[in-house]
Amino acid sequence: MLILSRNKGQKIMINDNIVLSILEINGEQVRIGIEAPSNITIYREEIYEAIKEQNQHAVDFNEDIQEILHQLASQKKDKD
Amino acid sequence: MIVNTRRFGSIEVEDEQVITFVAPVLGFGDLEKYIMVQPDEDRHPFEFLQSVENEDLTFIVTDPFVFFKDYEFQLDSHWLESLNIESVEDIRVLVIVTARSAQDITCNLKAPIVISRVGNIAAQIVLDQGKYSTQQPLIKVKRGDGVDANPIKE
């Protein structure tokens, strides 16, 4: 891992189109500004991991789920 | 084209029906082509999002608005651009369902799949502001008396 020290107000360039700015340092918390092209997606790591994990659970369903969905769908229909 | 699937056998689809993910389903970054599969009408509002590139990979998806009428989010401008969206009519929103058992079915309201009808391109979008859950129960909704009208906060 590349490790750089930066002061408040300083920036980091990644390629020539991504800019990370250190906006504010407040004890344990750092505020970072990110400028990047629209095709770059930026996530908070813990949220990214939570969604990735959820997606991986989601594909792991049993074959009897067809029957469960059928029941749920018809219950839903009855209610509507 | 023919799409081979473990769960549904071989399916013939038109090339235009293939959905291309410009931002992947998180955790499945190497897969970008999917098709929608609706085995028969009585599963409505559930459908399957089947990978074209991995025949074993199938997501259960549903229309979130059927279950959560107040569900809403704003799309950042960079998504409008990368998905070629000009109006709300251009998009279809789905959420991924996790079904562990008949009693334990949740959907991921925090990371909806947005499909743009213009070019059939899609993305899983993360709603960063913490209102919606990745594991919102679908079952409770059936008891529905308004209490669950606003999805549970995390």
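Further up the page is the structure itself.
Residues numbered from 1 in each chain as written. Chains lettered and ligands numbered in written order. Predicted model: local features only at pLDDT ≥ 70, side-chain atom pairs only at ≥ 80, totals over all residues. Heavy atoms only, no water.

Draft legend 1. Fine view of the pattern of salt bridges. Residues and elements named next belong to chain B. Counting across every chain of the model gives 5 salt bridges over all chains. Close ionic contact of Asp56 with Arg6 constitutes a salt bridge, the shortest N to O distance being 3.0 Å. On the criterion of sequence distance, the pair formed by Asp56 in the loop between β5 (46-51) and β6 (58-62) and Arg6 in the loop between β1 (2-5) and β2 (9-12) is long-range, its members being 50 residues apart. The partner of Arg92 in a salt bridge is Glu47, with the nearest N and O atoms 2.5 Å apart. A residue pair is termed long-range when its members are at least 10 positions apart, and Arg92 in strand β7 (residues 91-101) and Glu47 in strand β5 qualify at 45 residues. By relative accessible area, Arg92 is classed as partly exposed at 28%. (Salt bridge = Lys/Arg side-chain N within 4 Å of Asp/Glu carboxyl O. Helix = DSSP H or I, 4+ residues; strand = E, 2+ residues; numbered from the N terminus. Buried < 20%, exposed > 50% of the residue type's maximum accessible area, 1.4 Å probe, protein only.)

Draft legend 2. Local environment of the interface of chain A and chain B. Opposite the 28 residues of chain A that make contact, chain B presents 45 residues. Approximately 3300 Å² of surface area, both sides summed, lies buried where chain A meets chain B, with 62% of it carried by carbon and sulfur atoms. Its salt-bridge partner being Asp128(B), residue Arg44(A) comes within 2.5 Å of it at the nearest N-O pair. Within the residue set of the side of chain A that touches chain B, elements represented by two or more residues are α1 (45-58) and α2 (65-79) of chain A. (Contact = heavy atoms within 4.5 Å. Buried area = accessible area lost by both parts, 1.4 Å probe.)

Draft legend 3. How the structure looks around the side chain of Asp90(B). Residues and elements named next belong to chain B. Tracing the chain through its elements places Asp90 in the loop between α2 (77-82) and β7. The side chain of Asp90 sits in the buried core without any salt bridge; Arg117 is the nearest counter-charge, 6.6 Å away. From its side chain, Asp90 meets the backbone nitrogen of Glu86 in a polar contact 2.9 Å long. In this structure Asp90 touches Asn84, Ile85, Ile115, Ser116, Arg117 and Val118, once residues within four positions along its chain are discounted. (Lys, Arg positive; Asp, Glu negative; His and termini not counted. Polar contact = N/O pair within 3.5 Å; in protein donor to acceptor, adjacent residues only side chain to side chain.)

Draft legend 4. Just a negative patch on the surface, in detail. Taken together, Glu45(A), Glu46(A), Glu49(A) and Glu53(A) make up a surface patch of like negative charges. Its location among the elements puts Glu46(A) in helix α1. (Patch = residues over 30% accessible without salt bridge, like charges linked within 9 Å, V, L, I, M, F, W, Y side chains within 5 Å. Areas by Shrake-Rupley, 256 points an atom, 1.4 Å probe, with all protein chains shown as cover. Charge placed at Lys NZ, Arg CZ, Asp CG, Glu CD.)

Draft legend 5. Quick peek at the environment of Cys107(B). All names here are of chain B. By the secondary structure assignment, Cys107 is in strand β8 (residues 104-107). Sequence-wise, Cys107 and Thr134 are 27 residues apart; in three dimensions their C-alpha atoms are separated by 6.7 Å. Residues contacting Cys107, with those up to four places away along its chain left out, are Phe68, Val95, Ile96, Val97, Ser133, Thr134, Gln135, Gln136 and Leu138.

Draft legend 6. Local environment of unusual backbone geometry. Backbone geometry places Asn15(A), a non-glycine residue, at a positive phi of 50°. Topologically, Asn15(A) is positioned in the loop between β1 (11-14) and β2 (18-26). Despite not being glycine, Asn84(B) shows a phi value in the positive range, around 55°. Summarising the element assignment, Asn84(B) is placed in the loop between α2 and β7.

Draft legend 7. Quick look at a nonpolar patch on the surface. Residues and elements named next belong to chain A. A contiguous nonpolar patch, built from Ile25, Val30, Ile32, Ile34, Ile40 and Ile42 and spanning about 490 Å² of accessible area, is present on the exposed surface. Counting residues per element, the nonpolar patch draws most heavily on strand β3 (residues 29-35), at 3 residues. Along the chain, the position of Val30 falls in strand β3. Take Val30: its relative accessible area is 44%, and that puts it in the partly exposed class.

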